[in-house]
Every structure is written in C-alpha cells, then in structure tokens.
Amino acid sequence: MPAIRGQDSKKKTRRHTRDLDQVHADLKDEKHLAEFKNAKPIEDLPGLGQNYCLECAKFFESEANMLAHKKGKVHKRRVKALKEEPYSIKEAEAGMGFTTDNGKRSTTAPAPMEVDPAV
C-alpha cells in the first residue's frame, strides 16, 4: 500500500531553477545577477560557486561537469528559450483583451446630453 502524501509533497520545488524572465534580467543587468549569487554563502555552493551556468542558473562541482552540461539537451533548450524576449505585463494584458490605458484625466465635467423635446 503506497504512503499517503499531502499536497506539499507534490510540489516540485527541490530542483526548481530560476524562471526564464529572471534569467533574462540576469543577462541584461549584472547587478541583478550579483544579488542572486550573494544570496547564499560561497561555502554552501557546489564547487564554492566557481562553476556557474548563467543561462540555466545552476552551480556545478567542477568545470568538467559544467562543460558536459553545456553539451546537453537541457542547456541547449534553455538557451533557445532565452533567445525569445519575455512578455511584459502590458503585452499579456493586451493579449487577454484588457486595456490599462484610460487616457488622461480631464478636470472639466462632461457636457450634458441634449434631450430632443419633439420625442
């Protein structure tokens, strides 16, 4: 009989890496990447944090492991996915039909509608 597990065990957070939009920001801004790398002490990182794949946001024990990773399918798929620019919030909302641009506010009150007395 299998063990009964709760909802928390179904979450795949153990091997979760940074999302594509986060890595895209890392590639654009060195400050963003430095904040991520400084989040953990160097002693806790594999290989003391010296072997890092920027596209996949992973640390490796040795340079040989990193080179083997860069030749693999997972890395190549990630690089291909990063070539495409991520959507902005405005683009996503426009795709769903939402518009956030309401125009400029006017300080004057709208003109009252004229009522036709013949009707």
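Remember, it's a predicted structure, so these values are computed and weren't measured experimentally.

K.L.:
How do you make sense of the environment of phenylalanine 59 when you look at a structure like this?
P.N.:
Within the fold, phenylalanine 59 resides in strand E2 (residues 58-60). Since its relative accessible area comes to 18%, phenylalanine 59 is described here as buried. It is 5.9 Å that separates the C-alpha atoms of phenylalanine 59 and proline 46, two residues lying 13 residues apart in sequence. Beyond its immediate sequence surroundings of up to four residues, phenylalanine 59 is in contact with Phe36, Lys37, Leu45, Pro46, Gly49, Asn51 and Tyr52.

K.L.:
Please explain the packing of helix H1 (residues 20-28) against helix H4 (residues 73-82) as it appears in this structure.
P.N.:
Think of two packed helices as two axes; the pair is described by the angle between the axes and how far apart they sit. In the contact formed by H1 and H4, the axes pass within 10 Å of each other and the chain directions differ by 75°. Classified by the interaxial angle, the pair formed by H1 and H4 is roughly perpendicular. Residues Leu20, Val23, His24 and Leu27 of H1 lie in contact with H4, whose contacting residues are Arg78, Ala81 and Leu82. Residue composition of the contact of H1 with H4, by class: five nonpolar, one polar and one charged.

K.L.:
I keep staring at the side chain of histidine 75 and nothing clicks. Help me out?
P.N.:
Its place among the elements puts histidine 75 in helix H4. For histidine 75, a relative accessible area of 7% puts it in the buried group. Other than its neighbours up to four places away in sequence, histidine 75 contacts Cys53, Glu55, Cys56, His69 and Lys70.

K.L.:
Hey, could you run me through the UniProt feature "domain: C2H2-type" (unreviewed entry) in the protein chain in this one?
P.N.:
The UniProt feature table records "domain: C2H2-type" (unreviewed entry) at residues 51-80. Secondary structure across residues 51-80 comprises 53% helix and 20% strand; the distance between its end C-alpha atoms is 21 Å.

So, how was this worked out
Residues numbered from 1 in each chain as written. Predicted model: local features only at pLDDT ≥ 70, side-chain atom pairs only at ≥ 80, totals over all residues. Heavy atoms only, no water. Helix = DSSP H or I, 4+ residues; strand = E, 2+ residues; numbered from the N terminus. Buried < 20%, exposed > 50% of the residue type's maximum accessible area, 1.4 Å probe, protein only. Contact = heavy atoms within 4.5 Å. Axes fitted to C-alpha atoms, helices over the stretch in contact; angles between N-to-C directions. Parallel < 35°, antiparallel > 145°, perpendicular 65-115°, else oblique. Nonpolar A, V, L, I, M, F, W, Y, C, P; charged D, E, K, R; others polar. UniProt positions renumbered as here; feature names shortened; annotations may be inferred.

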